[in-house]
Structures are given as structure tokens and as C-alpha cells.
Amino acid sequence: MNVLVINCGSSSLKYQVIDSETEQVLAKGLCERIGIDGRLVYTPAGGEKEVSDLDMPTHKQAIQFVIDALTNEKTGVIASLDEIGAVGHRLVHGGEKFACSTRITDEVIRAVEECSDLAPLHNPANLIGVRACQELMPNTPQAGVFDTAFHQTMPTEAYMYGIPYEYYEKYRVRKYGFHGTSHSFVSKRTAELVGKPIEDLKIIVCHLGNGASICAVDGGKSVDTSMGLSPLEGLIMGTRSGDIDPSAMEFLCKKENLDITGILEVLNKKSGVQGLSGVSSDFRDLQAGSDEGNERCTMAVDVFCYRVLKYIGAYVAAMNGVDAIAFTAGLGENDSVVRRKIVSRLGYLGIALDDAVNDSTRGKEAVISTADSKVPVWVVPTNEELAIARETVALVK
Ligand code: ADP
């Protein structure tokens with residue numbers, strides 16, 4: 001079955017068509033600047049990338065262009081829409097309502113809308129994509145795969161904030177966690193690579209991209225994760241601050257004459273390694289800066305790595321041990337310097353890094369610890385689209 005995987009944001013939409021039998025990507029791309037002007041990027045497997053400027057006033061129009069590209073006589077990968085067996089949507093926040101992926105029904109849409117309070121930027125945008133697909137493909141089953149669902153197994157002690165309980169009762173303010181699709185995919189694959197049943201393993205997954213989070217996976221279940229009510233908590237990220245004393249917000253609001261929206265804008269978009277370095281949120285630029293002697297670039301990377309190191313220590317404690325550590329996403333898969341800065345300080349766990357393998361590992365599966373390391377450390381590329389396609393097929397079959 002071919003699955004159309006959609007990740008719909010407020011002005012952009014990423015898509016892939018995946019053949020679920022072979023797990024090959026038949027085509028992929030994105031629509032950008034929806035509602036502004038519009039650009040379609042389309043790449044068929046083995047073909048040339050095409051970029052076209054097209055008028056996209058709505059997401060429905062954008063998805064129509066995607067369908068046109070997929071069924072184009074010359075460069076399309078399917079003859080007609082009948083060859084799409086299901087649509088899988090990435091949905092960001094399922095609150096406490098969704099502990100797993102689900103077939104999309106009117107009731108599910110209502111429930112996702114009810115969670116929109118918790119993700120006002122993401123959920124409404126995700127649902128626009130769902131509705132547009134329903135209109136254009138009314139007979140094709142659709143599934144929703146939530147970023148938060150995998151973490152619904154966290155115990156109460158891990159997800160409660162130390163604030164008045166009534167805020168949890170009234171508004172469900174608690175830790176939810178994100179990147180769940182990736183943490184689930186990578187932890188399963190790590191267990192396969194380690195060669196043991198996931199039920200018997202304690203795994204720490206470090207998803208280090210522009211957005212970054214860590215997850216403690218005990219017996220295949222998420223028992224703690226670094227992101228919280230929103231993706232702002234936890235690690236220092238490309239432009240997000242991660243953990244910070246909430247009092248700093250009041251202090252900065254007064255000093256800089258900001259309101260709550262203004263300070264959140266700073267913490268989400270102007271902080272992290274971007275804010276620390278003053279150079280870039282992209283670690284490749286930071287590495288280049290560092291090589292040229294820019295001390296703030298070096299400092300930003302060090303602060304980032306130290307935060308990851310502390311979370312790993314916390315999750316070893318939370319699980320009373322660790323059997324494998326996995327690095328994934330843009331940095332985890334590609335940045336050997338970041339991996340070395342973290343892993344070389346895990347000697348207390350009997351972990352030893354194989355520097356040569358680490359240095360030569362980019363974007364591929366590899367064990368980067370030495371043969372006698374007590375805990376294996378793996379690089380495991382994530383594939384959220386494939387994970388969504390798999391979940392979707394399981395739901396619609
Ligand atoms: P997101 O999906 O959260 O936007 P990614 O997972 O794509 O982010 O990760 C982006 C980060 O990964 C950037 O900081 C970038 O520098 C880093 N990165 C991506 N590719 C490479 C590479 N080949 N070498 C080093 N760093 C890389």
C-alpha cells in the first residue's frame with residue numbers, strides 16, 4: 001500500500017509517499033509560503049528535484065498541487081489517487097486523550113481541537129491539513145500519529161510539575177514530551193541492533209536536532225523525557241532556551257520592557273545556541289566559528305553538550321541503569337564533535353568511545369563505543385515519516 005505522509009504547519013507542508021511493502025520513498029517534498037504566495041518542491045525517487053512557484057492561498061490548494069505532481073504523466077509516481085491507500089498525518093499534541101496513533105474520525109478531530117490550547121501553533125495547523133485531505137480524498141482512510149503519544153506511559157512522578165495540583169486538575173498542566181515518534185522508532189531499532197528484546201532493555205535516546213530532546217525508554221516504554229508541556233523545556237536547542245529559572249522571565253520582562261508573549265518569543269526563537277553564540281543556530285556554523293577561534297561559538301556548543309550530559313545522568317538514575325544509548329537527528333547522526341564531547345564524559349558508566357568510528361560516522365547506523373565499553377553507544381538515524389507510514393498501515397489494515 002502507498003501511504004501519503006503529511007506534516008502540516010501553519011504556512012508549510014512536508015509530504016512523502018511511501019510504499020509500505022518495500023518501505024521505499026516514492027516521492028517527497030514540501031509546500032512553502034502557503035497563504036503568502038506559494039512554492040512547491042517535488043522530488044520523485046531517482047528523479048530531479050523540481051521547484052515551482054504556484055499560487056497557494058490555502059492548504060487545500062497546496063495539497064491539490066502535491067496530488068497533481070504525484071500523478072503528473074511525466075514525472076509522477078502514481079497513475080491516480082486510487083493508488084494512495086491511506087494518509088498518515090503527523091499531529092503534535094494529543095494531550096492525555098491519545099496514548100497511541102488513531103484512525104481519524106470526526107470525534108478524533110474534536111478531541112484534537114480540545115488539545116489545541118496546549119499547542120496553539122501546531123494543532124490547528126495540523127488539522128487544516130487533515131481537513132484538506134478529507135475534502136480532496138474523501139474515500140481514503142486517514143490516521144493521526146501524535147508527537148506526544150509515546151510519552152503517555154510516563155509515571156506520575158515524572159510528569160507532574162511541582163505547582164498547585166488544581167492546575168493539573170483544571171487545565172492538565174503537566175509534562176507531555178514531544179518527538180515521541182522518533183524516540184519510539186529509534187529505541188525499537190536500537191534494541192534490534194543490540195540484539196535483545198526491547199522489553200529487557202533500558203535505553204536512552206538523544207534526539208539532537210534543531211529541536212532536541214532526550215528520552216528514557218525502559219522496557220520499550222517512555223518513562224521520562226526532557227520536553228514538557230511544550231517543546232521549550234529541557235535541553236538547550238538551536239534557538240530555544242530549554243530549562244531556565246522561571247524567575248528570570250519576570251526579571252527580563254522588567255529590564256527589557258517585555259510582556260509574556262515577548263519573553264516567550266525570546267526563549268523560543270532567540271535563545272539556545274543561537275542566542276549564546278550570537279552567530280547561528282546551526283552547529284555547522286558554530287563549528288566553523290569555533291575553528292576560527294570564536295570563543296562564544298565554542299562556549300555555546302559546550303553549554304549544549306553539558307546539558308545533554310546532565311540529562312543522560314538523570315535518566316540513568318531514573319531507570320536505575322542503562323543498557324544502550326542512541327544518538328539521532330541532525331546532530332546526533334552527523335556531528336562527531338558533539339557526540340565526543342558528551343560520550344567522553346560517560347566513563348563513570350564504563351563507556352568508552354571509539355574515536356575513529358565516531359569520527360567517520362555520518363548519517364548511518366554504527367556502534368561508536370569500543371568493543372569493551374560496558375554500555376554500547378549507537379548512532380541510529382531516525383525516520384519519522386516511515387514510522388508514521390507504518391503506524392498508518394497498521395491502523396487502516
Ligand atoms: P530539525 O528537524 O529539528 O529542524 P535536524 O534534525 O535537521 O533539525 O538537525 C539540525 C541540526 O543538525 C543543525 O544544527 C545542523 O547543523 C545539524 N546537522 C545537520 N546535518 C549535519 C552534518 N552533516 N554535519 C553536522 N551537523 C549537521
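Each remark here, short or long, concerns the structure printed above.
Below, the structure is looked at part by part. (Residues numbered from 1 in each chain as written. Predicted model: local features only at pLDDT ≥ 70, side-chain atom pairs only at ≥ 80, totals over all residues. Heavy atoms only, no water.)

1. What about unusual backbone geometry?
You will see that Arg-172, though not glycine, has its phi angle at about 60 degrees, which is positive. Within the secondary structure, Arg-172 sits in the loop between α5 (165–171) and α6 (180–194). The phi dihedral of Asn-257 is positive, around 55 degrees, even though this residue is not glycine. Its location among the elements puts Asn-257 in the loop between α7 (246–256) and α8 (260–269). (Helix = DSSP H or I, 4+ residues; strand = E, 2+ residues; numbered from the N terminus.)

2. Section: the state of the cysteines
Scanning the model with the defined rule gives zero disulfides in all. Here Cys-31 stays unpaired: no disulfide links it, and the sulfur of Cys-8, its closest cysteine neighbor, is 8.9 Å away. We classify Cys-31 as buried; its relative accessible area is 0%. Left unpaired, Cys-100 is separated from the closest cysteine sulfur, that of Cys-115, by 13 Å. (Disulfide = S-S within 2.5 Å. Buried < 20%, exposed > 50% of the residue type's maximum accessible area, 1.4 Å probe, protein only.)

3. Let's talk about the site of the ligand
Residues in contact with the ligand, as listed here, are Gly-209, Asn-210, Gly-211, Ser-281, Asp-282, Phe-283, Arg-284, Ala-329, Gly-330, Leu-331, Asn-334 and Arg-362. For the ligand, an oxygen atom lies 3.0 Å from a polar atom in the backbone of Asn-210. Taking 570 Å² as the accessible area of the ligand by itself, protein coverage stands at 65%. Among the secondary structure elements, those contributing two or more residues to the shell around the ligand are α10 (283–291) and α12 (329–334). Partitioning the shell around the ligand into residue classes produces three nonpolar, six polar and three charged. (Near = heavy atom within 4 Å. Polar contact = N/O pair within 3.5 Å; in protein donor to acceptor, adjacent residues only side chain to side chain. Areas by Shrake-Rupley, 256 points an atom, 1.4 Å probe, with all protein chains shown as cover. Nonpolar A, V, L, I, M, F, W, Y, C, P; charged D, E, K, R; others polar.)

4. Notes on the pattern of salt bridges
Counting across every chain of the model gives 18 salt bridges. Residues Glu-96 and Arg-174 are paired through a salt bridge, measuring 2.8 Å at the closest nitrogen-oxygen approach. Of this pair, Glu-96 sits in the loop between β6 (84–91) and β7 (102–103) while Arg-174 sits in the loop between α5 and α6; the two residues are 78 residues apart in sequence, bridging distant segments of the chain. The class for Glu-96 is partly exposed, based on a relative accessible area of 29%. We classify Arg-174 as buried; its relative accessible area is 2%. Across the pair Lys-97 and Glu-114 runs a salt bridge whose closest N-O atoms are separated by 2.9 Å. Placement of Lys-97 in the loop between β6 and β7 and of Glu-114 in helix α2 (residues 106–114) is noted, with a sequence separation of 17 residues between them. (Salt bridge = Lys/Arg side-chain N within 4 Å of Asp/Glu carboxyl O.)

5. Section: the packing of α2 against helix α3 (residues 123–136)
At a closest axis distance of 9 Å, the pairing of α2 and α3 adopts a crossing angle of 160 degrees. It follows from the interaxial angle that α2 and α3 lie roughly antiparallel. The chirality of how α2 crosses α3 is left-handed. Contact with α2, carried on its side by Ile-109, Val-112 and Glu-113, involves Asn-123, Leu-127, Val-130, Arg-131 and Gln-134 of α3 and no other residues of that element. (Axes fitted to C-alpha atoms, helices over the stretch in contact; angles between N-to-C directions. Parallel < 35°, antiparallel > 145°, perpendicular 65-115°, else oblique. Left-handed = near helix turned anticlockwise from the far one by under 90°. Contact = heavy atoms within 4.5 Å.)

6. Observations concerning the environment of Val-380
In this fold, Val-380 is placed in the loop between β14 (377–379) and α15 (384–396). We classify Val-380 as buried; its relative accessible area is 0%. Sequence separation between Val-380 and Thr-105 is 275 residues, and the spatial gap between their C-alpha atoms is 34 Å. Filtering out sequence-adjacent residues up to four positions away, Val-380 remains in contact with Val-186, Arg-189, Thr-190, Leu-193, Ala-326, Phe-327, Thr-328, Glu-333 and Glu-365.

The quantities given are spatial measurements derived from coordinates; they are silent on function.
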